[in-house]
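# Structure assessment
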Amino acid sequence: TQSENILGYYVNVERIPNSCRDSPNRIILKDRRVLLNLSMAYYRVNIFAYNKAGESSQTIYIVPDFSATDLPGQIHVKHLGTNAVVTWTPEYNPKCFVVDWGTSKEDMRMKIVNTATGNFTLENFQPYKSYKIMVHASDVCQCESFTRHEKTFGVTHFYSVEGVPRTGPANVTILNITKHSALVKWTEIAAEDCLGFLQGYRISFTDSSRKRSL
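The paragraphs below set out a description of the structure included in this document. The structure presented is a predicted model; accordingly, all values stated were derived computationally and were not measured.

What follows concerns the overall build of the protein chain. Looking only at helices and strands, one finds 1 helix and 16 strands in the protein chain. Expected size for 214 residues packed as a compact globule is a radius of gyration near 17 Å; at 24 Å, the protein chain overshoots this value by more than 25%. If you line up the protein chain on its principal axes, its C-alpha atoms span 80 × 55 × 30 Å. Scored against the burial criterion, the 214 residues of the protein chain give a buried share of 34%. Counted over contacts in the protein chain with a minimum sequence separation of 6, partners at least 24 positions apart contribute 57%. On the protein chain, roughly 14,400 Å² of surface is accessible, and the fraction owed to carbon and sulfur atoms is 50%. Between the mean site of the 24 positive side-chain charges and the mean site of the 20 negative ones, the protein chain shows a separation of 6 Å.

The subject of this paragraph is the environment of alanine 191. Mapped onto the secondary structure, alanine 191 falls in helix 1 (residues 191-194). Each C-alpha atom, one on alanine 191 and one on arginine 21, is 31 Å from the other, the two residues being 170 residues apart in sequence.

This paragraph deals with the nonpolar core. In this structure, Trp88, Val99, Leu122, Phe125 and Ile133 are the most contacted members of the largest nonpolar core, which totals 17 residues. Taken together, the elements giving at least two residues each to this core come down to strand 7 (83-88), strand 8 (96-102), strand 10 (119-122), strand 11 (131-138) and strand 12 (151-158). For this core, the element with the highest residue contribution is strand 11, accounting for 4 residues. Once residues lying within four places of it in the same chain are set aside, the contact partners of leucine 122 are Asn83, Ala84, Val86, Val99, Trp101 and Ile133. The next biggest cluster of nonpolar side chains, apart from the first, holds 8 residues, and it includes Val11, Ile27, Tyr43 and Val63.

Before going further, it helps to spend a moment on the sheet that holds strand 9 (residues 108-113). Spatially, 9-8-11-12 is the arrangement adopted by the 4 strands of the open sheet, whose pairing is antiparallel. Edge positions in the sheet fall to strand 9 and strand 12, since each has one partner strand and no second. Direction aside, neighbouring strands of the sheet carry axes that sit 15° apart on average. Bridge count between strand 11 and strand 12: 7 bridges; the pairing is antiparallel. Pairing of histidine 136 across the sheet is with threonine 152, part of strand 12.

The buried fraction of strand 13 (residues 170-175) is low, at 0 of 6 residues. Sheet analysis places strand 13 next to strand 14 (residues 183-187), joined by 4 bridges and oriented antiparallel. Bridge pairing links leucine 175 to leucine 183 in strand 14.

Enumeration over the complete set of coordinates arrives at 1 disulfide. The disulfide partner of cysteine 96 is cysteine 141, and the S-S distance across this bridge is 2.2 Å. What sets the handedness of the cysteine 96 and cysteine 141 disulfide is the S-S torsion sign, and at about -110° it is left-handed. Highlighted residues: cysteine 96 in strand 8 and cysteine 141 in the loop between strand 11 and strand 12, separated in sequence by 45 residues. Taking relative accessible area as the criterion, cysteine 141 reaches 19% and is therefore assigned buried.

With respect to the secondary-structure elements, threonine 173 resides in strand 13. Look at threonine 173 and you get partly exposed, because its relative accessible area is 35%. Expressed as a C-alpha distance, the spacing of threonine 173 and lysine 185, which sit 12 residues apart in the sequence, is 5.3 Å. In this structure, threonine 173 is in contact with Leu183, Val184 and Lys185, ignoring residues within four places of it in sequence.

Cut-offs applied
- Residues numbered from 1 in each chain as written.
- Predicted model: local features only at pLDDT ≥ 70, side-chain atom pairs only at ≥ 80, totals over all residues.
- Heavy atoms only, no water.
- Helix = DSSP H or I, 4+ residues; strand = E, 2+ residues; numbered from the N terminus.
- Rg over C-alpha atoms; globule rule 2.2 N^0.38 Å.
- Buried < 20%, exposed > 50% of the residue type's maximum accessible area, 1.4 Å probe, protein only.
- Contact = heavy atoms within 4.5 Å.
- Areas by Shrake-Rupley, 256 points an atom, 1.4 Å probe, with all protein chains shown as cover.
- Lys, Arg positive; Asp, Glu negative; His and termini not counted.
- Charge placed at Lys NZ, Arg CZ, Asp CG, Glu CD.
- Core = buried A, V, L, I, M, F, W, Y, C linked by side-chain atoms within 4.5 Å.
- Pairing = 2+ DSSP bridges.
- Axes fitted to C-alpha atoms, helices over the stretch in contact; angles between N-to-C directions.
- Disulfide = S-S within 2.5 Å.

Structure, rendered in structure tokens:
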């Protein structure tokens, strides 16, 4: 069969963003599984099959977001015009910190902070956009090798300026109507339309029998 002709797999692991222009870490496998020790930064994984004739086309996989509920540190962000001052209290004193920030996987930037003071200023934030900020600790700070040693310290989200939601809830439906109750459901507002941290929803309705609003 075709699978029996496969000799193995190449797995290339690349950090996003790759600001260091580092070559992806290539792993050669015989099995169809691999355990990766990664931080909570974004990673792109390219997988190739190979045999005596050469390599297959690649399959690209972006490692999804992890839950940030059990991280050891807290990050605090204070906006200063179009800039943001990021502060944190280290649980220990690593040789450096690696800060990632951006609005999406395709728009991430990175900076190695060679200081243990626990603060950093990020510039040129756009209003009404949600930014993800991640701080990783590392005891190896050379650009080409820190990705193998970094450990995520904390993650937070930040708006430099918040606005009112661009749209309202959609697909509003009313179910299970009884004499005294009804179930109201709707589609939540898309993240790009929130323009700020959504605090909740306000529901207004009219008691037609008593001709009053509640």
